[in-house]
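Letter by letter, the chains look like this.
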Amino acid sequence: MLRDSGGAQSLRSSVVLGLHLYSSQHLCWGPTCLIPRPLAPVPESRRPAAACPSSDSCPGGPGLPCSASSCDLPVLLPQGRSTVIARVKSLCSLVIQRVRDVTGIASVQRSHISHSFFCQVAKAVLTSQLKPHQDKPNFIIKTPKGTRDLSPQQMVVREKILDLVVSCFKRHGAKGLDTPAFELKDFDIAGQFDPMIPDAECLKIMCEILSGLQLGDFLIKVNDRRIMDGMFAVCGVPESKFRAVGSSIDKLDKMSWKDVRHEMVAKKGLAPEVADQIGDYVQCHGGVTLVEQMFQDPRLSQNKQALEGLEDLKLLFEYLTLFGISEKISFDLSLARGLDYYTGVIYEAILLQSPAQAGEEPLSVGSVAAGGRYDGLVGMFDPKGHSVPCVGLSIGVERIFSIVEQRMKTLGESVRTTETQVFVATPQKNFLQERLKLIAELWDAGIKAEMLYKNNPKLLTQLHYCENMGIPLVVIIGEQELKEGVIKLRSVASREEVAIKRENLVAEIQKRLSKS
């Protein structure tokens, strides 16, 4: 999502490592084939060379581009490109042959294999083919966005996370903007504003979301690229090695200083004394007090870039204090954020404790949110070179989803997969028509209701269904109720029943639901 200044040119670029879905070459994977289909005109040179090799179970038919939607098949990609290089036709044949070999049934065809099983075998085949290349950094297996199969329970959890994130963005005045980003929800502020005001709001948004998700205690690390570059300069790092050394520093959350130092000296070619000077800085972290200390540092205070960054951080902490979130923010000189387009403040949120109970294996997911200022990036994509200062944040939805899933599994929590408020039941046969009329009344009143799709369901079966699905209320209609012009309203939790006049039923249900 995006916020921009009224007259500012709202240009946005998302740098995505992995699979990119471009509007002009949007690839979609069908459930019964591996061939990509274009959703928009694709230049002749970019069209897939192979036709779908699957059987007539493919919606597009044999030899035709698939017209179906999502599939969770892995895609073999060169990192940073969108070109699919998997040999589609041979892979499909290999999958079918693998199934034939395992089952001993030579007549197995693609139409005999379920979608989910086909995907599992395809992934195994593709992984085995990649083993000789596993040490090559330019190849990855990536599951495209929107193609992971989620159960109803998982969808409920994921939607709650997304709803909380999006509602927070909208509370801060965001406009919707769809970009080719994976597993993230973004919020960006574009335009020329006074220093650190939008940056502080981004951190406030991050705090609101992480607090609302109730993942446990968290901390947001903050640094500034100008401070880091100034630190490298005063320590004697050649400018050509700033980013390489920064990538080593960024590993301090996973490696000890001893190992990081060794990497900088042995692999990055730094002199040991230079690495030691860097170590004096990057092991420092704290609040606004540390910012004040860095102003007094005899070396860092002599660097113009570092002083500019420190001035902005001091101002930032003033705003964060006014927002009431300064205790959640830590000035951390080891935070580097590897992407080159950051130009100023950078930040990254981490969880301080695992949601799992004691004795459980903690789930390592890294940072759950991050962002920073990227004042030069948008201008690179504007033909006229217009500069549009930007600052933003990304929420790692998939990482958060994994954490919530693990916590629920550990605690044995269950999730309602529907929002049904009322179940329409009957204890007698031949009451389908009355149930249909009654449920139509509830739907027309905006009440979320359902019933079993059977002519003569048993009452006990209907009541057990309500208990299993967590439906709070049941309305029961039978011969006696029909004669008396009433409906029985049953609370599933207490099992108490009351007779309500038919004409008052909707109002009584709405009254009870408003109290729950």
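These figures come from a predicted structure and were not determined experimentally.

**Describing the overall build of the protein chain**
The secondary structure content of the protein chain amounts to 16 helices and 17 strands. The burial tally for the protein chain puts 44% of its 516 residues in the buried class.

**Considering the pairing of strand S17 (residues 497-501)**
Across five bridges, strand S16 (residues 486-491) lies against S17 in antiparallel orientation. The residue of S17 that forms the bridge with leucine 489 is valine 498. Where S16 folds back on S17, the antiparallel hairpin that results is connected by five residues, among which arginine 495 adopts a positive phi of roughly 65°.

**Description of the side chain of histidine 172**
Within the fold, histidine 172 resides in the loop between helix H3 (152-171) and strand S6 (184-190). The exposure class assigned to histidine 172 is buried, which follows from its relative accessible area of 13%. A distance of 3.0 Å separates polar atoms of two side chains, one belonging to histidine 172 and the other to glutamate 208.

**Describing the pairing of strand S12 (residues 390-396)**
S12 sits mainly inside the fold: seven of its seven residues count as buried. A two-sided burial pattern is seen for S12, the buried positions comprising Cys390, Gly392, Ser394 and Gly396 on one face and Val391, Leu393 and Ile395 on the other. As paired elements, strand S11 (residues 369-373) and S12 share five bridges and run antiparallel to each other. By the bridge assignment, alanine 369 is partnered in S12 with isoleucine 395.

**Structural notes on the environment of alanine 440**
Position of alanine 440 relative to the elements: it lies in helix H13 (residues 432-444). Through-space distance from the C-alpha of alanine 440 to that of glutamate 450 is 9.8 Å; in sequence the pair is ten residues apart.

**Description of the confidence of the model for the protein chain**
Mean pLDDT for the protein chain: 76, with 69% of residues reaching 70 or above. Overall, residues 5-89 carries pLDDT values under 50, and its contacts beyond four positions in sequence, including any with other chains, amount to 179 contacts. The low-confidence segment residues 355-359, where pLDDT is below 50, has eight contacts with residues more than four positions distant or belonging to other chains.

**Observations regarding the pattern of salt bridges**
Under the definition given, this model contains 22 salt bridges. Between arginine 158 and glutamate 398 there is a salt bridge, with the nearest N and O atoms lying 2.1 Å from each other. Residue arginine 158 is located in helix H3, and its partner glutamate 398 is located in helix H12 (residues 397-411); the two are separated by 240 residues in the primary sequence. On the basis of relative accessible area, glutamate 398 is assigned to the buried category, the value being 16%. The partner of glutamate 441 in a salt bridge is arginine 502, and the shortest N-O contact between them spans 2.8 Å. With glutamate 441 in helix H13 and arginine 502 in the loop between S17 and helix H16 (505-515), this pair connects stretches of sequence that are 61 residues apart. Three or more residues joined by partner-sharing salt bridges are found here, namely Arg171, Lys204 and Glu208.

**Thoughts on the nonpolar core**
Ile220, Ile278, Phe331 and Tyr347 are the most contacted members of the largest nonpolar core, which totals 71 residues. In terms of residue count, helix H4 (residues 197-213) provides more of this core than any other element does, nine residues in total. In this structure, Val424, Phe431, Ala449 and Leu489 belong to the second largest nonpolar core, which totals 18 residues.

Reading the values: rules and limits
- Residues numbered from 1 in each chain as written.
- Predicted model: local features only at pLDDT ≥ 70, side-chain atom pairs only at ≥ 80, totals over all residues.
- Heavy atoms only, no water.
- Helix = DSSP H or I, 4+ residues; strand = E, 2+ residues; numbered from the N terminus.
- Buried < 20%, exposed > 50% of the residue type's maximum accessible area, 1.4 Å probe, protein only.
- Pairing = 2+ DSSP bridges.
- Polar contact = N/O pair within 3.5 Å; in protein donor to acceptor, adjacent residues only side chain to side chain.
- pLDDT = per-residue confidence, 0-100.
- Contact = heavy atoms within 4.5 Å.
- Salt bridge = Lys/Arg side-chain N within 4 Å of Asp/Glu carboxyl O.
- Core = buried A, V, L, I, M, F, W, Y, C linked by side-chain atoms within 4.5 Å.

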